[in-house]
Amino acid sequence: QVQLAQSGGGLVQAGGSLRLSCADFGLAFSYFNMGWFRQAPGTEREFVAAISWSATSTYYSDSVKGRFTISRDNVKNKLILQMNNLKPEDTAVYYCAAGEGSPSFVFLSQRDKYPYWGQGTQVTVSS
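What comes next concerns the included structure. Just so you know, the residues in each chain are numbered from 1, in the order the chain's sequence is written. With pLDDT at 70 or above as the cut-off, local features in this predicted model cover only qualifying residues; side-chain atom pairs require 80 or more to be listed or tallied, and sums for whole chains, interfaces and linings still use all residues. Think of the side-chain values as coming from all heavy atoms in the structure, minus any hydrogens and water.

1. Side note on the overall build of the protein
Here a strand is any run of E in DSSP of at least two residues, a helix any run of H or I of at least four, and the numbering for each starts at the N terminus. Along the backbone of the protein there are one helix and 11 strands. Going from the N terminus to the C terminus, the protein shows its helices and strands as β-β-β-β-β-β-β-β-β-α-β-β. As a reference, a globule follows 2.2 Å times the number of residues to the power 0.38, and the radius of gyration itself is taken over C-alpha atoms. The C-alpha radius of gyration of the protein comes to 13 Å, within 12% of the 14 Å expected for a compact globule of 127 residues. Over its C-alpha atoms, taken along the principal directions, the protein stretches across nearly 40 × 25 × 25 Å. Burial here depends on accessible area, computed with a 1.4 Å probe over protein chains only, as a share of the maximum for the residue type. Under 20% is buried, over 50% is exposed, and the range in between is partly exposed. When each of the 127 residues of the protein is scored for burial, the buried share is 44%. Contact definition: two residues touch when any of their heavy atoms are within 4.5 Å. Long-range contacts, defined as pairs at least 24 residues apart, comprise 59% of the intrachain contacts of the protein with a sequence gap of at least 6. Neither His nor the chain ends contribute to the count of charged residues, in which Lys and Arg are positive and Asp and Glu negative. To locate a charge, take NZ of a lysine, CZ of an arginine, CG of an aspartate or CD of a glutamate. Distance between charge centres in the protein, computed from 11 positive and 9 negative side chains, equals 5 Å.

2. A look at the nonpolar core
Take the buried residues of types Ala, Val, Leu, Ile, Met, Phe, Trp, Tyr and Cys, join any two whose side-chain atoms come within 4.5 Å, and each joined set is a nonpolar core. Met34, Trp36, Leu79, Leu81, Met83 and Tyr94 are the most contacted members of the largest nonpolar core, which has 28 residues in total. Listed by contribution, the elements that provide at least two residues to this core are strand S3 (18-24), strand S4 (33-39), strand S5 (46-51), strand S7 (68-73), strand S8 (78-83), strand S9 (92-99) and strand S11 (121-126). Among the elements that take part in this core, S9 stands out by supplying four residues, more than any other. Excluding its chain neighbours within four sequence positions, the residues that come into contact with Met83 are Gly16, Ser17, Leu18, Leu20, Arg67, Phe68, Tyr94 and Val123. Ala50, Ala97, Leu108 and Tyr114 belong to the second largest nonpolar core, which has seven residues in total.

3. Let's talk about the state of the cysteines
A covalent bond between the sulfur atoms of two cysteines is what we call a disulfide. A pair of sulfur atoms, both from cysteines and within 2.5 Å, is called a disulfide here. Applying the stated criterion across every chain, the model contains one disulfide. The side chain of Cys22 participates in a disulfide bridge whose partner is Cys96; the two sulfur atoms lie 2.1 Å from each other. The S-S bond linking Cys22 to Cys96 shows a torsion near 60°; that makes this disulfide right-handed. Residue Cys22 is found in strand S3, and its partner Cys96 is found in strand S9; the two are separated by 74 residues along the sequence. Just as Cys22 is buried, Cys96 falls in that class too.

Any functional reading would require information beyond the geometric quantities listed.
Here it is, written out as structure tokens:
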């Protein structure tokens, strides 16, 4: 069973940094691929980054590549999204997600491949 709890987020000026965490209080974290998605008002939830269950593969959307870093600790059952050089267009509610299956980009970038979701956390970047 997977139970995801998010922390982090908040308000930051453009160019600043924030760190999001997602902890799994279930017992199966190390078996799941993990992803981060975000949703701004009036838009659909979009892919941000993903990491395979073994952490050997990471993927990013073009909009965050080079600025965000996804990582995981399979001992502490924790997923991290380090966000640097934030821009106002990064403003959104961010969600962590867990899913099984192929560790490929095509698979992990699709939100319907993730059956388990965190509660969401607000990130606001001011200009």
